[in-house]
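So you can see what is in the structure, the chains are spelled out below.
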Amino acid sequence: VQRIIAKYDADASGGLCIAEFSQLVSELHHLGADGHGARPATGDGAHTVLLVGEDGTAKAEFAAALARRVGGSVLGTQGLIAAQLQAGGAEGAEIEALQAGGKVVPMPTLLRLAAGAMGTMAAPFILLDFPRRPEHLTRLEERVGAVAACLELPGPAERHVEPLLKKLRLQGRVHPLRSPLSL
């Protein structure tokens, strides 16, 4: 994966313009876990990109535009929860009870929902608002494989994601987006 990322960072800045990034994601979509084109039957982290930046409409719109451009799917906590509530079942009832009690859906539940969605939705997967902590990233990667890259949008990121960004930067997986032009 790092070889692929380096291929698109033409000026070796560690940052990617939108065209470079969409090409990278497109190539990740076509490569399997072994890097030779064999596509796995279910979700594979090699097809997963974490989007970090200030939460809001602009971030969600960017994620949706990127997913449309590369033929992938956006996974966000609200969408995963809404889909499970609509599907019903024991897990839907559990989530409904948590929400009725004013509680947050726990990360293990969100990870189960994300892994299930990755098994049925089109890759690559753009993670909109999770994981936000290093331990959540570890759990996600144990379940679906390594996240290929983290795209850092310009502007202030939420403070509580800094430990996650620090971990990913040390691993060379954070790529600042230099130009947030529309897709």
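Residues numbered from 1 in each chain as written. Predicted model: local features only at pLDDT ≥ 70, side-chain atom pairs only at ≥ 80, totals over all residues. Heavy atoms only, no water.

A. Looking closely at the overall build of the protein. Within the protein one finds eight helices and five strands. By residue count, 46% of the 183 residues in the protein fall in the buried class. Look at the contacts in the protein between residues 6 or more apart in sequence, and 71% of them connect residues 24 or more apart. When the accessible area of the protein is evaluated, it comes to approximately 9000 Å², of which 56% is carbon and sulfur surface. (Helix = DSSP H or I, 4+ residues; strand = E, 2+ residues; numbered from the N terminus. Buried < 20%, exposed > 50% of the residue type's maximum accessible area, 1.4 Å probe, protein only. Contact = heavy atoms within 4.5 Å. Areas by Shrake-Rupley, 256 points an atom, 1.4 Å probe, with all protein chains shown as cover.)

B. Geometry of the packing of helix α7 (residues 134-144) against helix α8 (residues 162-170). Look at α7 against α8: their axes get within 8 Å of each other, and the N-to-C directions meet at 55°. Between α7 and α8, the crossing angle belongs to the class labelled oblique. Contacts between α7 and α8 pair P134, L137 and T138 from the former with P163, L164, K167 and L168 from the latter. Of the residues contributing to the contact of α7 with α8, the split by class is five nonpolar, one polar and one charged. (Axes fitted to C-alpha atoms, helices over the stretch in contact; angles between N-to-C directions. Parallel < 35°, antiparallel > 145°, perpendicular 65-115°, else oblique. Nonpolar A, V, L, I, M, F, W, Y, C, P; charged D, E, K, R; others polar.)

C. Highlighting unusual backbone geometry. P124 follows A123 through a cis peptide bond whose omega is 0°. In this structure, P124 sits in the loop between α6 (107-118) and β3 (125-127). Cis rather than trans, the peptide bond between F130 and P131 has omega equal to -10°. Counting through the fold element by element, P131 comes out in the loop between β3 and α7.

D. How the structure looks around the pairing of strand β4 (residues 149-152). Of the two faces of β4, the one holding A149 and L151 and the one holding C150 and E152 are both buried throughout. Sheet analysis places strand β1 (residues 48-52) next to β4, joined by four bridges and oriented parallel. Each bridged residue has a counterpart across the sheet, and for V52 the counterpart in β4 is E152. Pairing of β4 with strand β5 (residues 174-176), which is carried by three bridges, proceeds in the parallel orientation. Residue pairing across strands places C150 opposite V174, the latter belonging to β5. A crossover links β4 with its parallel partner β5, the connecting element being α8, and its sense is right-handed. (Pairing = 2+ DSSP bridges. Right-handed = clockwise from strand over helix to strand, strands pointing away.)

E. Structural detail: the sheet that holds β5. Taking strand neighbours across the sheet as the criterion, the five strands line up as β2-β3-β1-β4-β5 in an open arrangement whose pairing is parallel. For this open sheet the edge positions go to β2 (73-75) and β5, each flanked by a neighbour on one side alone. Looking at each pair of strands side by side, their axes are set apart by 30° on average, direction ignored.

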